[in-house]
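Descriptive structure summary
What follows is each chain in one-letter form.
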Amino acid sequence: MKIKIKPKVVIKVLIIYWSSLLILWLLLKKLPEIRDSNKINDLVQNTTFEYNK
């Protein structure tokens, strides 16, 4: 029994696979920057809160 694979299906699967890997890589790369920016925002908010007391 031979399995027939359509080229269109293979191309779609490869595109989905690589795009998901790229998105995951970008998210993991940007995650520390996002966390740092949240820490900076918290620090600024805490500082302004203490200043207003």
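These notes cover the structure that comes with them.

1. What to know about the overall build of the chain
Per the secondary structure count, the chain includes one helix and zero strands. Looking at the chain residue by residue over its 53 residues, the buried ones come to 0%. As displayed, the chain offers around 5,800 Å² of accessible surface, 69% of which is attributable to carbon and sulfur atoms.

2. Observations regarding the packing of aromatic side chains
Counted under the stated rule, the structure contains one aromatic pair. Between Y17 and W18 the ring centres are 5.2 Å apart and the planes differ by 75°, which places this aromatic pair in the edge-to-face class. We classify Y17 as partly exposed; its relative accessible area is 45%.

3. So, a nonpolar patch on the surface
Together, M1, I3, I5, V10, L14, Y17, W18, L21, L24, L28 and L31 make up a nonpolar patch on the protein surface, roughly 1,200 Å² of accessible area in all. Tracing the backbone through its elements, the reader meets Y17 in helix 1 (residues 7-52).

Calculation criteria
- Residues numbered from 1 in each chain as written.
- Predicted model: local features only at pLDDT ≥ 70, side-chain atom pairs only at ≥ 80, totals over all residues.
- Heavy atoms only, no water.
- Helix = DSSP H or I, 4+ residues; strand = E, 2+ residues; numbered from the N terminus.
- Buried < 20%, exposed > 50% of the residue type's maximum accessible area, 1.4 Å probe, protein only.
- Areas by Shrake-Rupley, 256 points an atom, 1.4 Å probe, with all protein chains shown as cover.
- Phe/Tyr/Trp six-rings, centres within 6.5 Å; stacked < 30°, edge-to-face > 60°.
- Patch = residues over 30% accessible without salt bridge, like charges linked within 9 Å, V, L, I, M, F, W, Y side chains within 5 Å.
- Salt bridge = Lys/Arg side-chain N within 4 Å of Asp/Glu carboxyl O.

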